[in-house]
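Notes for the structure review
For reference, the chains in residue letters:
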Amino acid sequence: MKTSVNRRSFLKASLLSGGGLLLSFSVPASMLNRKSGSKAETVELNAYLKIHPDGKITIISPNPEGGQNVKTSMPMIVADELDAYWEDVTVEQAPLDTDSFTRQFIGGSQAIRRGWTSLREAGATARYMLMAAAARGWNVPVNELSTNSGKVLHTASNQSVTYGELASAAANIEIPEKIQLKKQNEFTLIGTSRRNVDGKKIVTGQPLFGIDVTAKGMLIAMIVHPPSFGLTLKSFDDAAAREMPGIKDVFPVNVMKEDYQRQHFDTCTFQEVIAVVGESTWEVMQAKKAIKAEWQPFESHSIRRQSFFGDEFTEDIPAGRENTSDHNATITSMASQKGTIVRSDGDPEYAFKNAAKVIERSYSAPFLAHNCMEPMNFFAHVTDDKAELKGPLQKPEFTERTLSERLKIPLEKIDIEMTRLGGGYGRRSYAHWLVEAAVISQRMKAPVKLIYSREDDMTSGIYRPAYHATYRAGLDENNNLIAFHVKAGGIPESPLYANRFPAGAVDNYLAETWSENSNITIGSFRAPRSNFIGGVEQSFLDEVAEAAGKDPIEFRLELLERAGRDPVGKDNDYDPQRYAGVLELVRDKSNWGRENHNYHRGVAAYYCHNSYVAHVLDLSVKDGKPQVEQVCTTVDCGIVINPDAATNLAEGAIVDGIGCAMFGRLTFTNGTPQQDNFDSYRMIRIGEAPKKIDVHFVLNDIDPTGMGEPPFPPVMGALANALYKSTGKRLYHQPYITELENKGT
Amino acid sequence: MATFTLKINGTERQVDVDPSTPILWVLRDHLKLTGTKYGCGIAQCGACTIHLNGNAVRSCQLPVSAAADNEITTIEGLSENGDHPVQQAWLELDVPQCGYCQAGQIMNAAALLERNPSPSDEDIESAMNGNICRCGTYIRIKKAIKKAANA
């Protein structure tokens, strides 16, 4: 069998067994700086395109699907360059191939952005090889040929041949060094709305999710974990539990050994948990209740970790059982002290001293739980020499290394198959539950499915941190913004992005940061850090615009004009023109200035994950209750692959953002989360969602960027600004529902 | 342990389980009908919604002993070919994102339309209030129910 490999473009062509073309390619989307170097010289192929003799095309999508629609949108990019007939295309989810996978990853809204060029090159290369095969057969030059919907055409001789008929011959064509990609106006699939390729399976209840996995002889495992952060296992009595029907074993699981150097996503909620293993979920749930465990406070300690980029550091974990009231006191204290200055432009102190007007406001938001509708779970079958795992996770390339260490099984003997994710939002990046499942299976010498109860899921989370920010703005006598100061911090992580707008637009700018350690585990949550700072910054700017007597959109546009014309400082990480572009478009699309007088209107705009979003949110008040009537949204995420799917993502992010800002809250008493299920943790429900959302995309030819996260942060600002219009009172502390109730609206 | 005969999606199935076992876990663990989802276990999220004699119920709160001798329909049995008007509307409007809650949403919506063939916005909001979607697909859910109502 002839195999052609092109190292430059990371492509490999071969003949499919049974005939047809197999083109393997790489989606070099890894954000990892791999230090090992062991694979540096190896072509890492993680995606496949198969053209079968019957004309059917299979595209293997490498990225895990958790609702961002990549399983549809990424293959659309390949199929467009290939000029395939979309109905001939089926899409499969790639398993994790431990030898070769680079980035199978949800996080940072980067899948499309980082996969864009390689996906296109793969499709275009296959198309060229099919054309070259046809040219050989007809004995005509390739440049006389064209393609259309799965066929190669020779117009001059009025001949055509299907891709299926050419596929085997194409496998023998040399992969071209250079490949011509389509121009934007030549796209036929990209920019058209295509339905979710798994839609039918979802609406008929097919087993797509990790929690649906089953295997012969499979046991069910659940955990009992410390009731409070700050506690660890002392001892337990499992005598009663062991006697209960269907129960196979009860034992402690040390999730990550203490000397183990943890990687970036190795955040582990509790070091030691008790595993309860049995024949069925209900029986295990009952046995859990029969375990009498004693817990003890742990000492302050530190763990060795690696950052996302591979740098080693030590993380300090303080002892103690923390309270939300203590957190609030810490925040008040830290906010009143000087933080670490991260950026300073001009002379902020002098400017504030000489300002005609100074506005200072503080904002806060609590811890949040991810609350993926599918609770954490994973299937594991670990034998003496290998480990097979199956389930939902966001960062398999990190997790396989952790597993290898923990199980003492070589990396190449670990096989992780990815299922659809019943939501991720960052939570499934931290796969300690996968390690738990694997360790339990290793001990039981049997296939095991570990399931977290909803209570376990919510009370042993890797939460969104608690955040705080104080803003100051100085206006001169002509109401120009001459000084801007942000001091932001959090427990245990700061939300600050010092180089984001309005940095670059104000002559005198100061950014300070602080953080305070905690033993409550935190991690990525849809649009990390932005999910707080984006919304509150936009609330503050709204208030400053009002103090300056300016229209809030006009006020922002003036600042952006300044940042574009004569930017202050360096490293401003946004494009002022694109930022202004979404604001101008939303002003137009929302009929700004000509709104329905029964509605109260707020605007916000933000940049994150390489995309720009603006919202205008209208709400009404009925019987004292605010109701979001409509949201007009504009997005600049470059070329839009699948407009309806992108619109769905924006709608979801808006609903989720309103829900988190309005209702989301996780509080602690003596280290114990006070919300443990959906009766106490309030989630947005259908009647609280906006009645209508209109999403408009800025049309341009910029390569596509993030979509899952960017609409989420700014809607919180638009909501707060609209609520202010309805009540006359500014809101500073999330969840807003509490502040509204306290203010007696 | 006790033996129960259940009528599920038009077929009789026998299971030998503890009488207190919720029908949710009988479906998922014993009968391998995993379309019905576990979400909260306390009837607060709607992911486990099934039909009991045509009415939408939370299967996490329904003991198997109370379900025996009743007609049970799960998402797998809502239609023979996945073409119930609600399922079709869900596909046409491409409602799901992650998809986990959608079986429960669809079962609840189908039961709503059975008793109220042309629901108003308020009817839909009230009937669907118990079904959480963390991805936030509520707007499309509402549109799809209206589309199915007019089908």
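Parameters and conventions
- Residues numbered from 1 in each chain as written.
- Chains lettered and ligands numbered in written order.
- Predicted model: local features only at pLDDT ≥ 70, side-chain atom pairs only at ≥ 80, totals over all residues.
- Heavy atoms only, no water.
- Helix = DSSP H or I, 4+ residues; strand = E, 2+ residues; numbered from the N terminus.
- Rg over C-alpha atoms; globule rule 2.2 N^0.38 Å.
- Buried < 20%, exposed > 50% of the residue type's maximum accessible area, 1.4 Å probe, protein only.
- Contact = heavy atoms within 4.5 Å.
- Areas by Shrake-Rupley, 256 points an atom, 1.4 Å probe, with all protein chains shown as cover.
- Lys, Arg positive; Asp, Glu negative; His and termini not counted.
- Charge placed at Lys NZ, Arg CZ, Asp CG, Glu CD.
- Pairing = 2+ DSSP bridges.
- Salt bridge = Lys/Arg side-chain N within 4 Å of Asp/Glu carboxyl O.
- Polar contact = N/O pair within 3.5 Å; in protein donor to acceptor, adjacent residues only side chain to side chain.
- Axes fitted to C-alpha atoms, helices over the stretch in contact; angles between N-to-C directions.
- Core = buried A, V, L, I, M, F, W, Y, C linked by side-chain atoms within 4.5 Å.
- 1 Å grid on protein atoms, 1.4 Å probe; cavity = no way out; pocket = protein on both sides within 12 Å on 5 of 7 lines; lining within 4 Å.
- Points joined across faces, edges and corners; volume = space filled by probe spheres on them.
- Nonpolar A, V, L, I, M, F, W, Y, C, P; charged D, E, K, R; others polar.
- Phe/Tyr/Trp six-rings, centres within 6.5 Å; stacked < 30°, edge-to-face > 60°.
- Expected span 1.5 Å × (residues − 1).
- Domains from an automatic or database assignment.
- Buried area = accessible area lost by both parts, 1.4 Å probe.

Of the regular secondary structure elements, chain A holds 17 helices and 31 strands. Since a compact globule built from 745 residues should have a radius of gyration of about 27 Å, the 28 Å found for chain A is in line with a globular shape. Judged by the C-alpha coordinates and their principal axes, chain A covers about 80 × 70 × 50 Å. Residue burial in chain A is summarised as follows: out of 745 residues, 63% are buried. Here the analysis covers contacts within chain A between residues at least 6 apart in sequence; of these, 75% occur between residues at least 24 apart. In the structure as shown, chain A presents an accessible area of about 27,600 Å², 46% of it carried by carbon and sulfur atoms. On chain A, the mean spot of the 82 positive side-chain charges and the mean spot of the 93 negative ones are 2 Å from each other.

Turning our eyes to something else, we now look at the pairing of strand β26 (residues 600-608) of chain A. Residue and element names in this part refer to chain A. Of all nine residues making up β26, eight are buried, and the element is well covered by its neighbours. Where β26 lies against strand β27 (residues 611-622), nine bridges are found, and the strand directions are antiparallel. Note that in β27 the partner of His600 across the bridge is Leu619. Two successive antiparallel strands, β26 and β27, enclose a turn made up of two residues, where His609 displays a positive phi of approximately 50 degrees.

Attention shifts here to the side chain of A:Lys487. Residue and element names in this part refer to chain A. For Lys487, the location among the structural elements is in strand β24 (residues 481-491). Buried within the structure, Lys487 lacks any salt-bridge partner; Glu512 is the closest side chain of opposite charge, at an N-O distance of 4.6 Å. In terms of polar contacts, Lys487 uses its side chain to reach the backbone carbonyl oxygen of Ala335, at 2.8 Å. Of note is the side chain of Lys487, whose polar atom sits 2.7 Å from the backbone oxygen of Gln337. Here Lys487 is in contact with Ala335, Ser336, Gln337, Lys338, Gly339, His468, Ala469, Thr470, Glu512 and Trp514, once residues within four sequence places are set aside.

Residue and element names in this part refer to chain A. Judged by pairing direction, the sheet is mixed, and its seven strands sit side by side in the order β12-β13-β10-β22-β19-β20-β21 without closing on themselves. Of all the strands in the sheet, just β12 (247-254) and β21 (414-418) have a single pairing partner and so form its edges. Between one strand and the next, the sheet's axes are offset by a mean angle of 25 degrees, whatever the strand orientation. Relative to β21, strand β20 (residues 387-391) is paired through five bridges, and the arrangement is parallel. Of the residues in β21, the one forming a bridge with Ala387 is Ile414. Contacts from helix α6 (residues 281-289) reach β10 (219-224), β12, β13 (272-278) and β22 (448-451) within the one sheet, and its direction differs from that of β10 by about 25 degrees. Contacting β10, β12, β13, β19 (377-382), β20 and β22, helix α10 (residues 432-444) crosses the sheet at an angle of about 35 degrees to β19.

So, about the nonpolar core. Within the largest apolar cluster, 162 residues are counted, with the highest numbers of intra-cluster contacts made by A:Leu389, A:Ile440, A:Leu617, A:Leu719 and B:Trp90. With eleven residues, the top contributor of residues to this core is helix α15 (residues 643-663) of chain A. Other than its neighbours up to four places away in sequence, B:Trp90 contacts A:Val203, B:Val95, B:Pro96, B:Gln102, B:Gln105, B:Ile106, B:Ala109, B:Ile141, B:Ala144 and B:Ile145. Core analysis: the next-biggest nonpolar cluster, separate from the first, contains 53 residues, A:Leu481, A:Ala545, A:Leu559 and A:Val616 among them.

Residue and element names in this part refer to chain A. For the second largest pocket, the calculated volume is near 610 Å³. The element contributing the most residues to the lining of the second largest pocket is strand β28 (residues 625-636), with four residues. A class-by-class count of the residues in the lining of the second largest pocket yields eleven nonpolar, four polar and ten charged.

A separate point is the packing of aromatic side chains. Where two aromatic rings form a pair, the distance of their centres and the angle of their planes describe that pair. All names here are of chain A. By the definition in use, this model includes 23 aromatic pairs over all chains. Taken together, a centroid distance of 6.0 Å and an interplanar angle of 80 degrees make the contact between Phe229 and Phe668 edge-to-face. Of the two residues, Phe229 is situated in the loop between β10 and β11 (231-237) and Phe668 in strand β29 (residues 668-669); the sequence distance between them amounts to 439 residues. Residue classification places Phe668 among the buried residues on the basis of a relative accessible area of 2%. With a centroid separation of 6.0 Å and an interplanar angle of 70 degrees, the aromatic rings of Tyr463 and Phe668 are classed as edge-to-face. Of this pair, Tyr463 sits in the loop between α11 (454-459) and β23 (466-475) while Phe668 sits in strand β29; the two residues are 205 residues apart in sequence, bridging distant segments of the chain. Grouping residues by exposure puts Tyr463 and Phe668 together as buried.

Okay, the sheet that holds strand β1 (residues 2-8) of chain B next. Residue and element names in this part refer to chain B. Spatial ordering of the open sheet is given by β2-β1-β5-β3-β4, a layout of five strands whose pairing is mixed. Looking at the sheet topology across the chains shown, the edges are occupied by β2 (11-17) and β4 (55-58). For this sheet, the mean inter-axis angle between neighbouring strands, taken without regard to orientation, is 40 degrees. Two strands pair when backbone bridges link them, and β1 and β2 are joined in this way by seven bridges, in the antiparallel orientation. Among the inter-strand pairings, Thr3 is bridged to a residue of β2, identified as Asp16. In the packing of helix α1 (residues 23-30) onto the sheet, contacts are made with β1, β2, β3 (49-52) and β5 (71-73), and the angle to β2 comes to roughly 100 degrees. Packed on one face of the sheet, helix α4 (residues 102-115) meets β3, β4 and β5 and runs near 35 degrees to β3.

Residues and elements named next belong to chain A. If you trace the backbone, Asp542 turns up in helix α12 (residues 530-547). With a relative accessible area of 7%, Asp542 lands in the buried category. In this structure, the C-alpha to C-alpha distance between Asp542 and Ile553, residues eleven residues apart in sequence, is 8.8 Å. Apart from the residues lying within four places of it in its own chain, the contact partners of Asp542 are Pro552, Arg556, Val603, Asn721 and Arg730.

Residue and element names in this part refer to chain A. Between its terminal C-alpha atoms helix α14 (residues 576-589) stretches 20 Å, which fits the 20 Å expected from 14 residues at 1.5 Å a residue. Three or more residues of α14 are buried, namely Pro576, Arg578, Tyr579, Ala580, Val582, Leu583, Leu585 and Val586. Contacts made by the buried residues of α14 are with α12, α13 (552-565), β26, β27, β28 and β31 (692-697). The N-cap residue of α14 is Asp575: its side-chain oxygen and the backbone nitrogen of Gln577 are 2.9 Å apart.

Further remarks concern the environment of A:Phe209. Relative to the elements of secondary structure, A:Phe209 occurs in the loop between α4 (199-203) and β10. Placed 209 residues apart in sequence, A:Phe209 and A:Met418 show a C-alpha to C-alpha distance of 9.0 Å. Ignoring any residue separated from it by four or fewer positions in sequence, one finds A:Phe209 in contact with A:Glu374, A:Thr419, A:Arg420, A:Leu421, A:Gly422, B:Lys37, B:Cys98, B:Gly99 and B:Tyr100.

With that settled, consider the domain arrangement of chain B. All names here are of chain B. Parsing chain B into structural domains produces domain 1 (2-77) and domain 2 (85-149). Just the C-alpha atoms count here: the centres of domain 1 and domain 2 sit 21 Å apart. Around 1,100 Å² of area is buried between domain 1 and domain 2 when both sides are counted, 60% of it from carbon and sulfur atoms. Inspection of the region where domain 1 meets domain 2 yields zero salt bridges. On inspection of domain 1 and its partner domain 2, the count reaches five residue pairs in polar contact (both at pLDDT 80 or more). When residues of the side of domain 1 that touches domain 2 are traced back to their parent elements, those giving at least two are β3 and β4.

The omega torsion across A:Ile491 and A:Pro492 is 0 degrees, close enough to zero to call that bond cis. Looking at the secondary structure, you find A:Pro492 in the loop between β24 and β25 (508-515). Here the amide bond leading from A:Phe501 into A:Pro502 is cis, since omega sits at 5 degrees, within 30 degrees of zero. Turning to its location among the elements, A:Pro502 is positioned in the loop between β24 and β25. You will see that A:Asn479, though not glycine, has its phi angle at about 65 degrees, which is positive. Positionally, A:Asn479 belongs in the loop between β23 and β24. Although it is not a glycine, B:Asn9 adopts a positive phi angle of roughly 50 degrees.

This part is about the pattern of salt bridges. Residue and element names in this part refer to chain A. Summed over all chains, the structure comprises 44 salt bridges over all chains. Measuring nitrogen to oxygen at the nearest pair gives 2.4 Å for the salt bridge that ties Asp456 to Lys288. Of this pair, Asp456 sits in helix α11 while Lys288 sits in helix α6, and the two are 168 residues apart along the sequence. Under the relative-accessibility criterion, Asp456 is labelled buried at 6%. Residue classification places Lys288 among the buried positions, given a relative accessible area of 16%. Across the salt bridge formed by Glu595 and Arg601, the nearest N and O atoms sit 3.7 Å from each other. Residue Glu595 is classed as partly exposed on the basis of its relative accessible area, which comes to 26%. Residue Arg601 is classed as buried on the basis of its relative accessible area of 6%. Where salt bridges share partners, they join Arg361, Asp542, Glu543, Glu546 and Arg730 into one cluster.

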